[in-house]
Amino acid sequence: MVTHPGEARNYAEKMLGQHLVTKQTGPEGKRVNKVFLMERLYLRRETYFSILMDRAHNGPVLVASPAGGMSIEDVAAETPELIFTEPVDVVEGLQDEAVDRLAHNMGFSGDAKVQAKDIIHKLYKMFIETDATLVEINPFAETAKGDVFVCDAKLNFDDNAEFRQAKIFGHRDKSQEDPRETEAAEYDLNYIGLDGTIGCLVNGAGLAMATMDIIKLHGGEPANFLDVGGGATKEQVSKAFEILNSDTQVRAILVNIFGGIMRCDVIASGIVHAASHIGLSKPVVIRLQGTNVEEAKQIIETSPYRLLVADDLDEAAGKAVRIADIVKQAEDIKIGVSFEMPL
């Protein structure tokens, strides 16, 4: 809390450039590049309000509670009777009767209720027009003077609507994101960074999840979720491999491809292409099955790189875990290691 401009400047100077660690940033933290200054309000009452897309109702749902200013998950668990919902028909739009019920259930009355209803209508209009998937206001508050304010908000937008929401997506601050995920997104790769040591390159989200499970079953930890999809090109596969190969926490790479729509030879070509351009600093275990698998094996066998091939996923995962463990032990005692013999 600051009371004059000089004090605000002093605090901002101390914040900017610092490394901030919170529940939202994770243990690695984030660098502070901006400071947000806002007016202090003296609140009499704090409520909760959100709009989200809900599969069960095939459209938007308004969620509200008179218990705001705290985790809505805790409210739902401890006092579920304080959670109120209003599904919205996207064709008919938001009806005033539904808004009136929510405002009443949130505890607003008189002029404050009129203000709250007006804000809810405007928030829904924004939700639809901006292709939002979530608008969460906590707290949706009333001051001692009876004024209603949106005091804190979280907004999520549909990535598929970027082409028509250029202004909104132009505010994206990539400095606050995982650089691996940012780089992968530029090549339309589905990537999520994790904390393990085994890099995963898989086609299909379900197969990627199963691969991560089997790695853990063998005592290892996946370093990422990476789904190259069914229509990946050689260039996309090469970039995916490059991201894994450059990740300092990755000790071994496991490639698991079931070639249906995705051809195994495209995966093999992408890996060999990446290795020829950036080098091969990590041991690679490959399991390929399906379309053009024999052509893929031929590409791998005739390449100048040492790539360990397995026909069975369980075998491949076991090899990757053992290799990652060997590399980790070698790094701990500062010796180099290479894999020339069958494992």
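Right above here is the structure, for reference.
As the structure is a computational prediction, the values presented were derived from the model and not from experiment.

**Q** Which residues make up the nonpolar core, and what values go with them?
**A** Ranked by internal contacts, the top residues of the largest apolar core, which has 31 residues, are Leu201, Val255, Ile267, Ile271, Ile286 and Leu288. A per-element tally of this core places helix α9 (residues 264-278) first, with six residues. In terms of nonpolar packing, the next biggest core, distinct from the first, is built from 22 residues, Phe49, Leu62, Ala64 and Ile137 among them.

**Q** Talk me through the packing of helix α3 (residues 96-105) against helix α4 (residues 110-129); I want residue IDs and the actual numbers.
**A** Helix packing geometry: the angle between the two helix axes and the distance between the axes. Following both chains from N to C, one finds α3 and α4 inclined at 125°, their axes separated by 9 Å at the closest point. It follows from the interaxial angle that α3 and α4 lie oblique. Seen from above, α3 lies across α4 with right-handed handedness. Between α3, through Asp96, Val99, Asp100, Ala103 and His104, and α4, the contact on the second element is made entirely by Lys113, Lys117, Ile120 and His121. Here the residues of the contact of α3 with α4 are counted per class, giving three nonpolar, two polar and four charged.

**Q** Tell me about the state of the cysteines, and please be specific about residues and values.
**A** Using the criterion set out here, one finds zero disulfides in the structure. The thiol of Cys200 is not disulfide-bonded; the next cysteine sulfur, from Cys264, is found 17 Å away. Given a relative accessible area of 1%, Cys200 falls into the buried group.

**Q** Give a description of helix α7 (residues 205-217) that names residues and reports values.
**A** Along its 13 residues, α7 runs 18 Å from first to last C-alpha, staying within 8% of the 18 Å computed at 1.5 Å per residue. Those residues of α7 lying buried are Ala208, Thr211, Met212, Ile214 and Ile215. One side of α7 carries all its buried residues, which in axial view fall inside an arc of 165°. Away from its buried face, by an angle of more than 90 degrees, α7 presents the exposed residues Gly206, Asp213 and Leu217. Packed against the buried residues of α7 are β10 (198-202), β11 (224-227), β12 (252-259) and α11 (313-332). Looking one or two residues past α7, Gly219 carries a phi angle of roughly 90°, positive in sign.

Cut-offs applied
Residues numbered from 1 in each chain as written. Predicted model: local features only at pLDDT ≥ 70, side-chain atom pairs only at ≥ 80, totals over all residues. Heavy atoms only, no water. Core = buried A, V, L, I, M, F, W, Y, C linked by side-chain atoms within 4.5 Å. Buried < 20%, exposed > 50% of the residue type's maximum accessible area, 1.4 Å probe, protein only. Helix = DSSP H or I, 4+ residues; strand = E, 2+ residues; numbered from the N terminus. Axes fitted to C-alpha atoms, helices over the stretch in contact; angles between N-to-C directions. Parallel < 35°, antiparallel > 145°, perpendicular 65-115°, else oblique. Left-handed = near helix turned anticlockwise from the far one by under 90°. Contact = heavy atoms within 4.5 Å. Nonpolar A, V, L, I, M, F, W, Y, C, P; charged D, E, K, R; others polar. Disulfide = S-S within 2.5 Å. Expected span 1.5 Å × (residues − 1). Arc of directions from axis to C-beta.

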